[in-house]
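Here's the letter readout for the chains.
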Amino acid sequence: MRYLRRFIYHHKTNIMNKVNIISIFTLTLFLCTLISCGNKDDNTTTETPPEELIIGKWQSEVHREDGAVIADSDYLELEFKEDGTVQIEQFESDGSPADSTEDNWTMTSSSDETTIEFDGEDRPYKIISISNDAMTLEYEKEDEFEPGTFVDRLDDFVRIDP
C-alpha cells in the first residue's frame, strides 16, 4: 500500500510540474503576443501639407539680408487665401501703411524644396520652414542702393490670425 501511495504522489507531482510548466509557457506566450500587438500608428504623425499650413494671415518679424539682421525695417502682412490669391500689406517700421496689393500665388513642391511664386514677382520664394504658427521664407530682393543687383533675403513670419 505504501508503494501505491508513493507511486500516486510521485505521479501526481510530475503531472503538476508539467501543468505548471505549460501554464507558465502559455502565460509568457500570451504576454508576448499582447505586447507586440500594440497600435502600430502610435508613433506616426500626420503632417499637414504646406499648401494647407500657409492659408491664413502672416506678419514678418525678423528680416535678414545676406545673413545680417536688419533693425527697424518695414514689415509685411501676407494673407494667403484658398482661392489662390494673396493680400500683401506693407508697413513702415513705425506701423504706418506703405503699400497694399493683391496678387495670385502658386506653390510648387519637390523632394528637396517648396517654393511660392507670385504673379507680380520674377523670383520664387523658398519655404525654409513652415508650421501652424511660424514660417521662414528665403528669396532674392533687388538692392535698393544698387539697382540690378540682388541680395539674399530671409524673413521669419508668425501667424496672426486665430
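The written sequence of each chain sets the order in which its residues are numbered from 1. For a predicted model such as this one, the threshold for reporting local features is a pLDDT of at least 70, and the threshold for listing and counting side-chain atom pairs is 80 or more; totals across whole chains, interfaces and linings nevertheless cover every residue. The side-chain numbers reported here are obtained from all heavy atoms of the structure, hydrogens and water having been left aside.

### Some remarks on the layout of surface pockets
Line of reasoning, step 1. Approximately 690 Å³ is the volume found for the largest pocket.
Line of reasoning, step 2. Under the DSSP-based scheme used, a helix requires at least four consecutive residues in state H or I and a strand at least two consecutive residues in state E, with every element numbered from the N terminus. Secondary structure elements with two or more residues in the lining of the largest pocket: strand 3 (75–80), strand 4 (85–91), strand 5 (97–109), strand 8 (134–142) and strand 9 (150–159).
Line of reasoning, step 3. In terms of residue class, the lining of the largest pocket is made up of 10 nonpolar, five polar and 13 charged. For each structure, a 1 Å grid was placed over the protein atoms alone; sets of points admitting a 1.4 Å probe that cannot get out are labelled cavities, open sets with protein on both sides within 12 Å along at least five of seven lines are labelled pockets, and lining residues have an atom within 4 Å of a point. Grid points are joined across faces, edges and corners, and a volume is the space filled by probe spheres set on the points. Note on residue categories: nonpolar means Ala, Val, Leu, Ile, Met, Phe, Trp, Tyr, Cys or Pro, charged means Asp, Glu, Lys or Arg, and polar means any other residue, Gly included.

### Things to note about the pairing of strand 7 (residues 125–130)
Line of reasoning, step 1. One requirement defines pairing of two strands: DSSP has to find at least two bridges between them. Direction of pairing for strand 6 (residues 114–118) relative to strand 7: antiparallel, over a ladder of three bridges. Pairing of Thr-114 across the sheet is with Ile-127, part of strand 7.
Line of reasoning, step 2. Taking the residues that link successive antiparallel strands as the turn, the strand 6-strand 7 hairpin has six residues.
Line of reasoning, step 3. Here four bridges tie strand 7 to strand 8, and the two strands are oriented antiparallel to one another. Paired with Ser-129 across the two strands is Thr-136, which belongs to strand 8.

### Observations regarding a negative patch on the surface
Line of reasoning, step 1. A residue counts toward a patch only above 30% relative accessible area and without a salt bridge, and it is joined to like-charged neighbours within 9 Å or, for Val, Leu, Ile, Met, Phe, Trp and Tyr, to nonpolar neighbours within 5 Å. Areas reported as accessible are Shrake-Rupley estimates using a 1.4 Å probe. Residue values count occlusion only from the protein chains shown. Here, a salt bridge means any Lys or Arg side-chain nitrogen found within 4 Å of an Asp or Glu carboxyl oxygen. Under the counting rule used here, the positive set is Lys and Arg, the negative set is Asp and Glu, and His together with the chain ends is not counted. The atom standing in for a charge is NZ when the residue is Lys, CZ when it is Arg, CG when it is Asp and CD when it is Glu. On the surface, Glu-51, Glu-52, Glu-82 and Asp-83 cluster together into a negatively charged patch.
Line of reasoning, step 2. Within the secondary structure, Asp-83 is located in the loop between strand 3 and strand 4.

### So, the nonpolar core
In summary, soluble globular proteins display a tendency toward joint burial of nonpolar side chains.
Line of reasoning, step 1. Counting 16 residues, the largest nonpolar core has Ile-54, Phe-80, Trp-105, Ile-116 and Leu-137 as its most contacted members.
Line of reasoning, step 2. Those elements giving two or more residues to this core turn out to be strand 3, strand 4, strand 5, strand 6, strand 7 and strand 8.
Line of reasoning, step 3. Looking at this core element by element, the count peaks at three residues for strand 8.
Line of reasoning, step 4. Contact definition: two residues touch when any of their heavy atoms are within 4.5 Å. Setting aside anything within four residues of it in sequence, one finds Phe-80 in contact with Ile-54, Ile-55, Gly-56, Trp-58, Thr-85, Val-86, Trp-105, Ile-116, Phe-118 and Met-135. Among buried residues, the Ala, Val, Leu, Ile, Met, Phe, Trp, Tyr and Cys ones that are joined through side-chain atoms within 4.5 Å form a nonpolar core. Partly exposed residues are those whose accessible area sits between 20% and 50% of the maximum for their type, while under 20% is buried and over 50% is exposed, using a 1.4 Å probe and protein chains only.

### Here's the deal with the pairing of strand 5
Line of reasoning, step 1. The pairing of strand 4 with strand 5 spans seven bridges and is classified as antiparallel. Directly across from Thr-85, in strand 5, lies its bridge partner Asn-104.
Line of reasoning, step 2. Counting the residues in the hairpin turn of strand 4 and strand 5 gives five residues, including Gly-95, whose phi is positive at 95 degrees.
Line of reasoning, step 3. As paired elements, strand 5 and strand 6 share five bridges and run antiparallel to each other.

### Focus on the pattern of salt bridges
Line of reasoning, step 1. Per the counting criterion, the structure on display carries eight salt bridges.
Line of reasoning, step 2. With a closest N to O distance of 2.9 Å, Arg-123 and Glu-140 form a salt bridge. Taken together, the residues span a long stretch of sequence, with Arg-123 in the loop between strand 6 and strand 7 and Glu-140 in strand 8 at a distance of 17 residues.
Line of reasoning, step 3. Where Arg-153 meets Asp-155, a salt bridge forms, and the shortest distance between an N and an O atom there is 3.0 Å. Asp-155 shares its class with Arg-153; the two are buried.
Line of reasoning, step 4. Taken together, the shared-partner salt bridges connect Glu-65, Arg-153 and Asp-155 into one network.

### Let's talk about the side chain of Asp-103
Line of reasoning, step 1. Within the secondary structure, Asp-103 is located in strand 5.
Line of reasoning, step 2. Summary of buried charges: Asp-103 has no salt-bridge partner, and the nearest side chain of opposite charge, Lys-81, is 12 Å away.
Line of reasoning, step 3. Not counting residues up to four positions away in its chain, the partners in contact with Asp-103 are Gly-84, Thr-85, Val-86, Ile-88, Phe-118, Asp-119 and Gly-120.

### A closer look at the packing of aromatic side chains
Line of reasoning, step 1. Only the six-membered ring of Trp is used, alongside the rings of Phe and Tyr, when aromatic pairs are assigned; centres must lie within 6.5 Å, and planes under 30 degrees apart are stacked while those over 60 apart are edge-to-face, with the rest tilted. On inspection of all chains with the given rule, the structure shows five aromatic pairs.
Line of reasoning, step 2. Residues Phe-80 and Trp-105 carry aromatic rings whose centres are separated by 5.3 Å and whose planes lie at 85 degrees to one another, so their mutual orientation is edge-to-face. Taken together, the residues Phe-80 in strand 3 and Trp-105 in strand 5 connect sequence positions 25 residues apart. The same class applies to Phe-80 and to Trp-105, which are both buried.
Line of reasoning, step 3. Aromatic rings pair up to connect Phe-80, Trp-105, Phe-118, Tyr-125 and Tyr-139 into one cluster.
Line of reasoning, step 4. Geometry around Phe-150 places Arg-123 over its ring, the cationic atom sitting 3.6 Å from the centre. Two conditions define a charge sitting above a ring: the NZ of Lys or the CZ of Arg must be within 6 Å of the ring centre, and it must be within 35 degrees of the ring normal.

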